[in-house]
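So the chains spell out like this:
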Amino acid sequence: MASARPTNAAPPFPRRISVLLPVPLDGAFDYLDPGLDLAPGDYVRVPLGHRSVIGVVWGIGGDGKLALNRLKPVQARIDLAPMLDVSRRFVSWVAAYTLSDPGSVLKMAMSVPEVFEPTPQRRLYKRGGPAPERMTREREVLLEALIDDRPRSVRELARMAMVGEGVVRGLVDAGTLVGVDVDVDQPYPEPDPTRPRAGLSVAQQTAADRIITGFQNADDGDGFQPFLLEGVTGSGKTEVYFEAIAAALAQRDGRGQALVLLPEIALTAQWLSRFEQRFGAAPVLWHSDLTQSERRRAWKAVANGNARVVVGARSALFLPYQALRLIIVDEEHDQAFKQEDGVIYQARDMAVVRAQLGAVPIVLASATPALESIANVQRGRYQYLELPDRHGMAQLPDIQAIDMRQNPPARGTFLSPALRDAMLKTVADGEQVLLFLNRRGYAPLTLCRTCGHRIECPSCDAWLVEHRFAGKLLCHHCGHSEALPQACPECGTEDSLVACGPGIERIAEEVAAIAPDLRVMVLSSDLMASPMRLAAMIQDISDLKVDCIIGTQMVTKGYHFPKLTLVGVVDADLGLAGGDLRAAERTYQQLSQVAGRAGREELPGRVLLQTYMPDHPVMAALILGDRERFVSAELAARSAQTMPPFGRLAALILSGEDADGVTRQARRLAATAPQGDGITVLGPAPAPLSLLRGRHRWRLLVKAERAIDLQRLLRQWFARAGCTKGVRVQIDIDPYSFL
């Protein structure tokens, strides 16, 4: 795959170049260009120790620390489209902001090693030789069916002519059909932006037109325009940004690319169907469930410009786009956009940076925008687009609270009489019910009634969750699983273990006891064998083969079920526990999203919130529909405490197998912590999950005013403190999790 680049005036060789490698090392390495005429962005194979690795030419000239005669030469240039300057600047920006090694960020952009190897070939066949000496009726039919010169597989040819595969192979042996070797990775069908679209309301058309104006200045390098598209659930935000995608595809002489980031890419069967109806072809998918061959095909298609619209999870942001002209972040408030492992980053915020570096518009869409995005609108940084009404004749659902202090469920159950009655009436009317509880499994805790022993994970400071459908106890933090014991592991008493608290499997058991004839479906990420299985289940709901859906947060994201008219939230208070900075905001967003599944067409919707705190500001805002008051109060509280979006946070998470070593390093960091106006360092303290995957954990939290250069302050701090062998320090800029 190595190749030389022709040039009119070749520079003198050998010359020094710098190459960034996708390894956790700080900065690029110098190598010699032996005459390959390398340029920044080229993918190259270089020696590193006793192995060869693929890297990216980061610059010409290098740092000059080593003499030329001590540098190793580049082994080959890889015949791929170079990584564009905007992508290289994005890698450098993300590394600097997150305080990560640039090589670790580059690894996310080079996440498919197979793309740097020759693409596998397959043999196809087409007409290319004389007619066979012996002609049969089947052979005649096959040859008559070859109306074009496109190569096809043996199976495809046989199906096209409705003959056996032996007939095809016979023509191959006779020399009538000749073999052609082609790449396994064929081009994707291209979306057609000119296809008829759904009719837009005045508000939708206005919003679409404002976004499309962002393309007018893009070719002049001044196309960066961030939009916050806020619309109530069911208002048609997707159709608005579909119009923007159509305009993006027309950019760059009709070769423009668009990226849509979704928080749960495996949960988008309905979205993908809508996209195909609008554009006549499926988008290119990018998510963790793809096979390696699918990832190779998608990555290469992005790099050569054949992938016109990419729909993916957060890592799709780092693909090597050649003509990216629009970024959409749907459900921009969703916490799933925050990556917590490896390079820790917020994909929504990094998407805004990518759009700014590329001078292209970006649309952040949500029915419940993040407070950070709302604050950016108020500061004049984002343009605000609003869709205040549901599309068509649909109305927002009526939301009511069930005060569990006044209307408690029967002992040993979790559904109040009011919710049970509403559920039964809704089903009797031929409509569908959704019961929402954001807790997987059967029960969050298994307790011994004899000695009080709680079954915990051996590698984490967490309880094991019973999953009765699977017959296991699982840790939701490290993945440890074990069979549910017959006797207490502590005291040995048999039949003494009891499930405490509800998960969705336990709610399903209760619904079955209430109404055995109800057709119940349980939706949870741990029960989904594949995206295809999920798509089939979603279709069953749409086809009215299900009366009652019982699900976790995965059911809150964008689904449209016309006959779903009742949503019951089993434990509306669940997300408010723990004192998390964003607990109230996140609970409001989640409950608003799940409420939005009800009454999305002509049938009116109703939402019942089971709560022990009906007067809590979150519940009051939902019931009264007074979102503005809730947002204003939350922003005022954050401002008074200089918390994001009015201040900055950085979390330091120390972990190691040696508890004493972690403690020593935590205290060393505390002793050398920065001091001064506008800076507060909280901790050190053992993390709430003080043991995770066998590693002991401590935390510190840095709080700073917005004007402070937080990254520079942290670098200086770490240089003073030094490090302890065996202790890893993770830095989380703008933390979302405080475990």
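Residues numbered from 1 in each chain as written. Predicted model: local features only at pLDDT ≥ 70, side-chain atom pairs only at ≥ 80, totals over all residues. Heavy atoms only, no water.

(A) Structural detail: the overall build of the protein chain. Looking only at helices and strands, the protein chain has 20 helices and 31 strands in total. Taking 2.2 N^0.38 as the reference for a compact globule, 739 residues should give roughly 27 Å; the C-alpha atoms of the protein chain span a radius of gyration of 29 Å, in line with that estimate. For the protein chain, the spread of C-alpha atoms along the principal axes amounts to about 85 × 75 × 65 Å. By residue count, 51% of the 739 residues in the protein chain fall in the buried class. Here the protein chain displays about 32,800 Å² of accessible surface, and carbon together with sulfur accounts for 50% of that area. With 84 positive and 85 negative side-chain charges, the protein chain shows a separation of 4 Å between the mean positions of the two kinds. (Helix = DSSP H or I, 4+ residues; strand = E, 2+ residues; numbered from the N terminus. Rg over C-alpha atoms; globule rule 2.2 N^0.38 Å. Buried < 20%, exposed > 50% of the residue type's maximum accessible area, 1.4 Å probe, protein only. Areas by Shrake-Rupley, 256 points an atom, 1.4 Å probe, with all protein chains shown as cover. Lys, Arg positive; Asp, Glu negative; His and termini not counted. Charge placed at Lys NZ, Arg CZ, Asp CG, Glu CD.)

(B) Expanded view of helix H12 (residues 371–378). The buried fraction of H12 amounts to six of the eight residues, a majority that puts the element mostly inside the structure. All buried positions along H12 are accounted for by Leu371, Glu372, Ser373, Ile374, Ala375 and Asn376. In this fold, the buried residues of H12 make contact with strand S8 (226–231), helix H11 (347–358), strand S15 (362–366), helix H16 (583–595) and helix H18 (627–640). At the exit of H12 stands Gly380, carrying a positive phi of roughly 85°. (Contact = heavy atoms within 4.5 Å.)

(C) Molecular detail of the sheet that holds strand S29 (residues 679–692). Read from one edge to the other, the open sheet built from four strands follows the order S29-S30-S28-S31, with strand pairing classed as antiparallel. Unpaired on one side and paired on the other, S29 and strand S31 (728–733) mark the two borders of the sheet. This sheet shows a mean twist of 20° between the axes of neighbouring strands, independent of strand direction. Packing of helix H19 (residues 659–671) onto the sheet brings it into contact with strand S28 (647–656), S29 and strand S30 (695–705), and relative to S30 it is tilted by some 15°. Running at roughly 30° to S28, helix H20 (residues 710–721) makes contact with S28, S29, S30 and S31 of the sheet. (Pairing = 2+ DSSP bridges. Axes fitted to C-alpha atoms, helices over the stretch in contact; angles between N-to-C directions.)

(D) Quick look at the sheet that holds strand S9 (residues 257–261). If you walk across this open sheet you meet the seven strands as S10-S11-S9-S12-S15-S8-S16, and the pairing is parallel. Whereas interior strands pair on both sides, the edge strands pair on one side only; in this sheet they are strand S10 (284–286) and strand S16 (383–387). Each neighbouring strand pair of the sheet contributes to a mean axis angle of 20°, computed without reference to strand direction. Contacts from H11 reach S9, strand S12 (324–330) and S15, with the element oriented near 160° to S12.

(E) Molecular detail of the pattern of salt bridges. Evaluated as defined, the whole model comprises 33 salt bridges. Among the ionic pairs, Arg308 bridges to Glu190, the shortest N-O distance being 3.1 Å. Note that Arg308 is positioned in the loop between helix H10 (292–304) and strand S11 (309–312) and Glu190 in the loop between strand S7 (177–183) and helix H6 (202–212), a separation of 118 residues in sequence. Among the residues examined, Glu190 registers a relative accessible area of 36% and is labelled partly exposed. Measuring nitrogen to oxygen at the nearest pair gives 3.1 Å for the salt bridge that ties Glu243 to Arg278. (Salt bridge = Lys/Arg side-chain N within 4 Å of Asp/Glu carboxyl O.)

(F) Layout of helix H7 (residues 237–249). Spanning 13 residues, H7 covers 19 Å between terminal C-alpha atoms, matching the ideal 18 Å at 1.5 Å per step. Among the 13 residues in H7, 13 count as buried, and that is most of the element. (Expected span 1.5 Å × (residues − 1).)

(G) Examining the pairing of S11 more closely. Covered by surrounding structure in S11 are Val309 and Val311 together with Val310 and Gly312, the residues of both alternating faces. Bridge count for S9 against S11 is four bridges, and the pairing is parallel. Within S11, the residue paired with Leu259 across the bridge is Val310. In this structure, S10 lies alongside S11, joined through three bridges in parallel fashion. Bridge pairing in S11 links Leu285 to Val311. For the segment spanning S10, H10 and S11, crossover handedness is right-handed. (Right-handed = clockwise from strand over helix to strand, strands pointing away.)

(H) Just the confidence of the model for the protein chain, in detail. Mean pLDDT for the protein chain: 89, with 95% of residues reaching 70 or above. Mean pLDDT across the elements of the protein chain bottoms out in helix H15 (residues 531–542) (79) and peaks in helix H1 (residues 85–98) (97). (pLDDT = per-residue confidence, 0-100.)

(I) Molecular detail of the nonpolar core. By size, the foremost hydrophobic cluster in this structure holds 54 residues, and its most contacted members are Tyr43, Phe116, Leu259, Trp286, Trp299, Val310 and Phe318. Tallying contributions element by element places H11 first for this core, with six residues. In this structure, Val310 is in contact with Ala258, Leu259, Val260, Val284, Trp286, Val302, Ala316, Leu319 and Tyr321, ignoring residues within four places of it in sequence. Within the second largest apolar cluster, 37 residues are counted, among which are Leu523, Ile538, Met554 and Leu635. (Core = buried A, V, L, I, M, F, W, Y, C linked by side-chain atoms within 4.5 Å.)

(J) Region of the structure containing the side chain of Gln593. When you line up the elements, Gln593 lands in helix H16. Relative accessible area serves as the criterion here: at 4%, Gln593 is assigned to the buried category. Apart from residues no more than four positions distant in its own chain, Gln593 is found in contact with Thr233, Glu331, His333, Ser366, Ala367, Thr368 and Thr556.

(K) Local environment of the packing of helix H3 (residues 137–145) against helix H5 (residues 165–173). Contact pair H3 / H5: the axes reach a minimum separation of 10 Å and the direction vectors enclose 80°. Overall, the two elements H3 and H5 adopt an arrangement that is roughly perpendicular. Seen from H3, the contacting residues are Glu138, Arg139, Leu142 and Leu143; seen from H5, they are Val167, Val168, Gly170 and Leu171. Class assignment for the residues of the contact of H3 with H5 results in five nonpolar, one polar and two charged. (Parallel < 35°, antiparallel > 145°, perpendicular 65-115°, else oblique. Nonpolar A, V, L, I, M, F, W, Y, C, P; charged D, E, K, R; others polar.)

(L) Molecular detail of unusual backbone geometry. Residue Pro645 is reached from Pro644 by a cis peptide bond, and omega for that bond is 10°. Structurally, the position occupied by Pro645 is in the loop between H18 and S28. Cis geometry is adopted by the peptide bond preceding Pro684, which originates at Gly683 and carries an omega value of 10°. Within the secondary structure, Pro684 is located in strand S29. Notably, Glu331 is not glycine yet its phi reads approximately 55°, a positive angle. Among the structural elements, Glu331 can be located in the loop between S12 and strand S13 (338–339). Under the relative-accessibility criterion, Glu331 is labelled buried at 12%. Non-glycine residue Arg693 carries a positive phi angle of around 55°.

(M) Representation of the packing of aromatic side chains within the structure. Under the counting rule described, the total for this entry stands at 14 aromatic pairs. Here a set of aromatic residues connected by ring pairs shows up, and it is made of Tyr241, Phe242, Trp271, Phe275 and Phe279. Directly above the aromatic system of Trp286 lies the positively charged group of Arg295, at a separation of 4.3 Å from the ring centroid. Looking at Arg468, its charged tip hangs above the ring of Tyr442, at a distance of 3.7 Å from the centre. (Phe/Tyr/Trp six-rings, centres within 6.5 Å; stacked < 30°, edge-to-face > 60°. Lys NZ or Arg CZ within 6 Å of the ring centre and 35° of its normal.)

(N) Region of the structure containing the state of the cysteines. Per the stated rule, a full pass over the model turns up zero disulfides. You can see Cys491 has no disulfide; the closest cysteine sulfur is in Cys488, sitting 3.7 Å from it. Cys491 gets classed as partly exposed once you look at its relative accessible area, which sits at 36%. (Disulfide = S-S within 2.5 Å.)

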